[in-house]
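An overview of the molecular structure
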Amino acid sequence: MKSQIVIFFALVMLSACKSPTKSGSTNQPTLADYQVGEKWVWKYKGVTTEGEVRSDGEDTREIVNINGVLSMTIGKDTIPVTDIVKPDESETPKYHWPLEVGKKWKYENNWTSQDGTTGNQSHDAEIVSYQEETVEAGTFMAYTIKYTGKTTNSRGYNANEEEVWLYAPEVKNFIKLTQTQGDFLYVEELIEYSKPE
């Protein structure tokens, strides 16, 4: 009887150790995770509650090699991948690595736009799930990260904001963003992801 209890207890402990959490955890991508020719294409659209379209288009990013430096093209800009994967030392980061369901943190961002307007975002962030999500580019396991807070700027703008980001570790990026800011709805969705075989 004693040996049966010991075996039962050992099996319970092993199964507890083996059963992964629903999401596990995901670390920030590293330089070695990217390769030349990897490409992402998103479509985006921003519409007011009155139906006025304020933005509508596509955003393409691609990994290239420039003079031996692995880089990502973003529109007309080119950024070394080392800058993209550099750990965020902020106390209030956009992504709080490693990603795990249930994790909560504060996200704050101060910015200056091209016309000199300054602004601030202050959000409470939470990872609410890790599950299959389908977008135009395909179906991926993704974390749903919800940001809720305010955006203000130096021109007197002040709006409540909610952002829901679907981050897919397989593509090392978000596959969908839904943002509600005052009377404005913005949606960006991955429509293509490819990498060399």
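What counts, and where the lines are drawn
Residues numbered from 1 in each chain as written. Predicted model: local features only at pLDDT ≥ 70, side-chain atom pairs only at ≥ 80, totals over all residues. Heavy atoms only, no water. Pairing = 2+ DSSP bridges. Helix = DSSP H or I, 4+ residues; strand = E, 2+ residues; numbered from the N terminus. Axes fitted to C-alpha atoms, helices over the stretch in contact; angles between N-to-C directions. Core = buried A, V, L, I, M, F, W, Y, C linked by side-chain atoms within 4.5 Å. Buried < 20%, exposed > 50% of the residue type's maximum accessible area, 1.4 Å probe, protein only. Contact = heavy atoms within 4.5 Å. Salt bridge = Lys/Arg side-chain N within 4 Å of Asp/Glu carboxyl O.

Observations regarding the sheet that holds strand 3 (residues 69-74)
- Spatially, 10 strands are ordered 4-3-2-1-10-9-8-7-6-5 in an open sheet, and the strand pairing comes out antiparallel. The outermost strands of the open sheet, each flanked by one partner alone, are strand 4 (77-80) and strand 5 (104-112). Along the sheet, successive strands turn relative to each other by an average axial angle of 20°, direction set aside.
- For strand 8 (residues 158-168) and strand 9 (residues 173-181), the ladder comprises eight bridges, and the chain directions are antiparallel.

A short note on the nonpolar core
- Membership of the largest hydrophobic core comes to 33 residues, with the highest contact counts inside it found for Trp40 and Ile175.
- Among the elements of the structure, strand 1 (39-48), strand 3, strand 5, strand 6 (118-135), strand 7 (138-153), strand 8, strand 9 and strand 10 (184-194) are those that each provide at least two residues to this core.
- In terms of residue count, strand 7 provides more of this core than any other element does, five residues in total.
- Once you skip the residues sitting within four places of it in the chain, Trp40 turns out to touch Tyr34, Asp59, Thr60, Arg61, Ile63, Met72, Val171, Asn173, Leu190, Glu192 and Tyr193.

Let's talk about the pattern of salt bridges
- Across all of its chains, the model carries seven salt bridges by this definition.
- Across the salt bridge formed by Lys172 and Glu38, the nearest N and O atoms sit 2.5 Å from each other. Of the two residues, Lys172 sits in the loop between strand 8 and strand 9 while Glu38 sits in the loop between helix 1 (2-18) and strand 1, which places them 134 residues apart along the sequence.
- By relative accessible area, Glu38 is classed as buried at 1%.
- For Asp59, the salt bridge identified is with Arg61, shortest N-O distance 3.5 Å.

Considerations on the environment of Lys39
- Within the secondary structure, Lys39 sits in strand 1.
- Each C-alpha atom of the pair Lys39 and Glu62 lies 4.3 Å from the other, and the pair is 23 residues apart in sequence.
- Not counting the four nearest positions on each side in its chain, Lys39 is found in contact with Thr60, Arg61, Glu62, Glu192, Tyr193 and Ser194.

A few points about the side chain of Thr151
- Counting through the fold element by element, Thr151 comes out in strand 7.
- Setting aside residues no more than four positions away along its own chain, Thr151 makes contact with Trp111, Asn120, Gln121, His123, Tyr157, Asn158, Ala159, Glu161 and Gln181.

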